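# Structural overview for review
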Amino acid sequence: MKNLPSPAASLDVQPWASTRRADQPPQAESGFLRLRRALTETPLSFLMEAHNGLSAKIAEEAGFEALWASGLTISASLGLRDSNEASWTQVLDVLEYMTDAVSIPVLVDGDTGYGNFNSVRRLVRKLGERGVAGVCIEDKLFPKTNSFIGEGQPLADVDEFCGRIRAAKDSQVDDAFTVVARTEALISGRGMAEALTRAEAYHQAGADAILIHSKQSTAAEILEFTERWARRSPIVIVPTMYYATPTESYRRAGVAAVIWANHLLRSSISAMRVTAARIREDESLIEVEGRIASVKDIFRLTANDELEDAERRYLPATAQTRAIILAASQGDVGEQPKCMVDIRGRSLIRRQIESFAASGVRQVSVVRGYGKAAVAPVGAELFDNDRFADTGEVYSLAAAYSRLQGEVVVAYGDILFRNYILSGLLAAPGDVVIAVDSLARFDAGDGRARDLVAGDRPPAADYLDETPPDLVRIGPDVAGERLAGQWIGLARFSAQGAEWLREELDRLRTEDLLETADMPLLLTRLAARHPVKLHVFSGHWLDVNTVPDLAEARNFT
Ligand code: SPV
Ligand code: MG
């Protein structure tokens, strides 16, 4: 330990520290530089273990400034031992998921460097190319064994290991890439003097920081090492075994960074065990549902809203359109909900979802109510109106209020229609457009038709007139020359129309009408404030409300 630079005079100043410019926000720096600063600047930094994209994200959200991509936990999360059973390129693939998921820098546990200086060179190049900010290599032999297994593990020859460090520094693709050299001298029982000698040799070989590891249950030997090291270069520690030592001791000792090396994986193992045992025991999810992260939380962690934004930017307009199918009522077709009746091998709702898909509408929300357990069509998002028995269609629509954004088609869950009707409705101009059959059909029972449409003028008889009337009202008692036909239970709302729709729902709620209102009332009220256009055609649709309707439907397809 001769010819060493003299230790820093003040405990508060790290001699290797650079000064961050006040006008330089950390986000503007590369990940390489941010990791380098985390390891070289006061105050003490904390690196959290992560082993995949999700755990990386969780650590970032918790506020950690950098991640430790642990060899132990990456291996374990793959179901493997910490003995280089995963190849380094497999580890590299995991790292890419992590760096993609977060913007904080990643220091990877590079074990021994996976071989000699030559393996280290390629490793460091590839890490840099994938945006991994630094690597830690340890003075052991490939294949490595975890530090907490056995005693007296063999160590690498000092000169050979220094060659690995120099090879790493010579191969870095960014000047700020960090190489941490880890000595296992204390772990392997070689004593303090050898630990210090090795650390000095690695420092001289170009290591940016020294990781001194210990498996004692107190920090005594770590604190002795740091005192004798006297801040020659940044020190990184891993207090897994001496976890009870107050963190303040590390600050006072001038430690640069603490690695919490495996705690996200270990906590997830505990949580998964509890959940698995509970579900196994109960044969039910009831006890666990409120205690575990929600599915929505998964969507948030994986930034689904960003995908929705991107869809708005990149997909054709209809792919962003959402269908909301109102399927809460029972109907008169027997015990099962009417949307689930079988029509030649496929349920009514499945056929409807397929019609939407055929017109490019692939985002479908279904509002269920009666017999909801039976209503779970694949690919549809589900909302529930559990008060289906004493509320109307509008109350069901309000259950999907959060989806009334952007272009939306609202459909009754009991109708079948030829695809051209929907395509025409999607292409029709207007912020609110309703599909109207000019051949209003009158119920065989009472001779009346529901949902008759009154326009603001008589429908044009002229083939060339392409401007259909605007809606005035929908009701059972429309007659005379303003009768434009029958609303079939399909309506399209542009983003603006959806906003009007939300406003109308808000008004109905304020007026205590939300529970009782039906769609004709809602559309009539909307028409009083905004233009509601008619898309008129003739026939080629039916609704399935009764057993005779069902027979007709089976002929229709
Ligand atoms: C790791 O997290 O893989 C480490 C730290 O190398 S330790 O398990 O303590 O060796
Ligand atoms: Mg390791």
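Conventions we followed
Residues numbered from 1 in each chain as written. Chains lettered and ligands numbered in written order. Predicted model: local features only at pLDDT ≥ 70, side-chain atom pairs only at ≥ 80, totals over all residues. Heavy atoms only, no water. Helix = DSSP H or I, 4+ residues; strand = E, 2+ residues; numbered from the N terminus. Buried < 20%, exposed > 50% of the residue type's maximum accessible area, 1.4 Å probe, protein only. Near = heavy atom within 4 Å. Polar contact = N/O pair within 3.5 Å; in protein donor to acceptor, adjacent residues only side chain to side chain. Areas by Shrake-Rupley, 256 points an atom, 1.4 Å probe, with all protein chains shown as cover. Nonpolar A, V, L, I, M, F, W, Y, C, P; charged D, E, K, R; others polar. Pairing = 2+ DSSP bridges. Axes fitted to C-alpha atoms, helices over the stretch in contact; angles between N-to-C directions. Core = buried A, V, L, I, M, F, W, Y, C linked by side-chain atoms within 4.5 Å. Contact = heavy atoms within 4.5 Å. Right-handed = clockwise from strand over helix to strand, strands pointing away. Parallel < 35°, antiparallel > 145°, perpendicular 65-115°, else oblique. Left-handed = near helix turned anticlockwise from the far one by under 90°. Phe/Tyr/Trp six-rings, centres within 6.5 Å; stacked < 30°, edge-to-face > 60°. Lys NZ or Arg CZ within 6 Å of the ring centre and 35° of its normal. Salt bridge = Lys/Arg side-chain N within 4 Å of Asp/Glu carboxyl O. pLDDT = per-residue confidence, 0-100.

Residues other than glycine predominantly adopt negative phi, and peptide bonds predominantly adopt the trans conformation. A cis amide bond links Phe142 with the next residue in sequence, Pro143, at an omega value of -5°. Inspection of the secondary structure assignment puts Pro143 in the loop between β4 (134-138) and α6 (158-171). Look at Asp111: it is not a glycine, yet its phi comes out positive at around 50°. Residue placement: Asp111 occurs in the loop between β3 (106-109) and α5 (117-129). Given a relative accessible area of 4%, Asp111 falls into the buried group. One non-glycine residue, Ala230, adopts positive backbone phi at about 55°. Its place among the elements puts Ala230 in the loop between α8 (220-229) and β7 (235-237).

Another aspect to go through is the site of ligand 1. Taken together, Trp68, Ser70, Gly71, Leu72, Asp109, Asn146, Ser147, Phe148, Arg182, His213 and Ala261 make up all the residues around ligand 1. In this structure, an oxygen atom belonging to ligand 1 sits 3.0 Å away from a side-chain N or O atom of Trp68. When isolated, ligand 1 has an accessible area of 280 Å², and the protein chains bury 100% of it. Looking at the shell around ligand 1 residue by residue, the classes come out as four nonpolar, five polar and two charged.

Turning our attention to the sheet that holds β4. Here we have eight strands rolled up into a closed barrel, ordered β1-β2-β3-β4-β5-β6-β7-β8, and parallel in their pairing. Going across the sheet, the axis of each strand differs from the next one's by a mean of 25°, ignoring polarity. Strand direction decides the pairing type here: strand β1 (residues 45-50) and strand β2 (residues 66-69), joined by four bridges, are parallel. Looking across to β2, one finds that Glu49 is bridged to Trp68.

Ranked by internal contacts, the top residues of the largest apolar core, which has 78 residues, are Leu95 and Phe225. Sequence-distant contacts of Phe225, defined by excluding residues within four places in its chain, comprise Met192, Ala195, Leu196, Ala199, Ile210, Ile212 and Ile235. In terms of nonpolar packing, the next biggest core, distinct from the first, is built from 63 residues, Ala398, Leu404, Phe417 and Phe493 among them.

Below, the discussion takes up the environment of Arg492. Tracing the chain through its elements places Arg492 in strand β19 (residues 483-493). Separated by 171 residues in sequence, Arg492 and Thr321 place their C-alpha atoms 9.5 Å apart. A polar contact is formed between the side chain of Arg492 and the side chain of Glu407, at a distance of 2.8 Å. Within the structure, Arg492 has its side chain in polar contact with the backbone oxygen of Ala428 (distance 2.4 Å).

Time to look at the pairing of strand β8 (residues 257-260). Sheet analysis places β1 next to β8, joined by four bridges and oriented parallel. In the sheet register, Leu47 faces β8, and the bridge partner there is Ile259. With two bridges connecting them, β7 and β8 associate as parallel partners. Following the sheet pairing, Val236 is matched in β8 by Ala257. Between the parallel elements β7 and β8, the chain passes through helix α9 (residues 247-253) in a crossover that is right-handed.

We now examine the packing of helix α4 (residues 88-101) against α5. Across the interface, α4 lies against α5 with an axial gap of 11 Å and an inter-helix angle of 15°. With respect to α5, the element α4 is oriented roughly parallel. Where α4 crosses over α5, the two elements pack in a sense that is right-handed. Contact residues: Trp88, Leu92 and Leu95 in α4; Arg122, Leu123, Lys126 and Leu127 in α5. Class assignment for the residues of the contact of α4 with α5 results in five nonpolar, no polar and two charged.

Under the counting rule described, the total for this entry stands at eight aromatic pairs. Taking the centre distance of 6.3 Å and the plane angle of 50° together, the rings of Phe32 and Phe177 count as tilted. Residue Phe32 is found in helix α1 (residues 31-40), and its partner Phe177 is found in the loop between α6 and β5 (178-183); the two are separated by 145 residues along the sequence. You'll find Phe32 and Phe177 in the same group, each marked buried. Here Phe356 and Phe417 contribute two aromatic rings whose centre-to-centre distance is 6.1 Å and whose plane-to-plane angle is 75°, an arrangement assigned as edge-to-face. Taken together, the residues Phe356 in helix α14 (residues 348-358) and Phe417 in strand β15 (residues 415-417) connect sequence positions 61 residues apart. For Phe417, a relative accessible area of 6% translates into the label buried. One residue, Arg232, lies across the ring of Trp229, its end atom 5.5 Å from the ring centre.

Bringing the side chain of His51 into the picture now. Mapped onto the secondary structure, His51 falls in the loop between β1 and α2 (53-61). His51 sits in the buried class, given a relative accessible area of 8%. Within polar-contact distance, the side chain of His51 engages the side chain of Glu49 at 2.6 Å. Among residues more than four places away in sequence, those in contact with His51 are Thr73, Ile74, Ser77, Val94, Met98, Leu264 and Leu265.

In total, this model carries 43 salt bridges according to the counting rule given. With a shortest N-O distance of 3.0 Å, Arg190 and Glu194 are connected by a salt bridge. On the basis of relative accessible area, Glu194 is assigned to the partly exposed category, the value being 23%. The network of salt bridges with shared partners includes Asp82, Asp111, Glu138, Lys140, Lys144, Arg182 and Glu184.

In the predicted model, the protein chain carries a mean pLDDT of 89, and 90% of its residues have values of at least 70. Across residues 1-13, confidence stays below pLDDT 50; counting only partners more than four residues off in sequence or on other chains, it has 16 contacts.

Before going further, it helps to examine the environment of Arg403. Considering the arrangement of structural elements, one finds Arg403 in the loop between α15 (393-399) and β14 (408-412). Overall, Arg403 belongs to the partly exposed group, its relative accessible area being 22%. Sequence separation of Arg403 and Ala498 is 95 residues, and the distance between their C-alpha atoms is 9.2 Å. Among residues more than four places away in sequence, those in contact with Arg403 are Glu308, Arg322, Ile324, Ser365, Glu381, Phe383 and Val408. In this structure the side chain of Arg403 is engaged in a polar contact, spanning 2.8 Å, whose partner is the side chain of Glu381.

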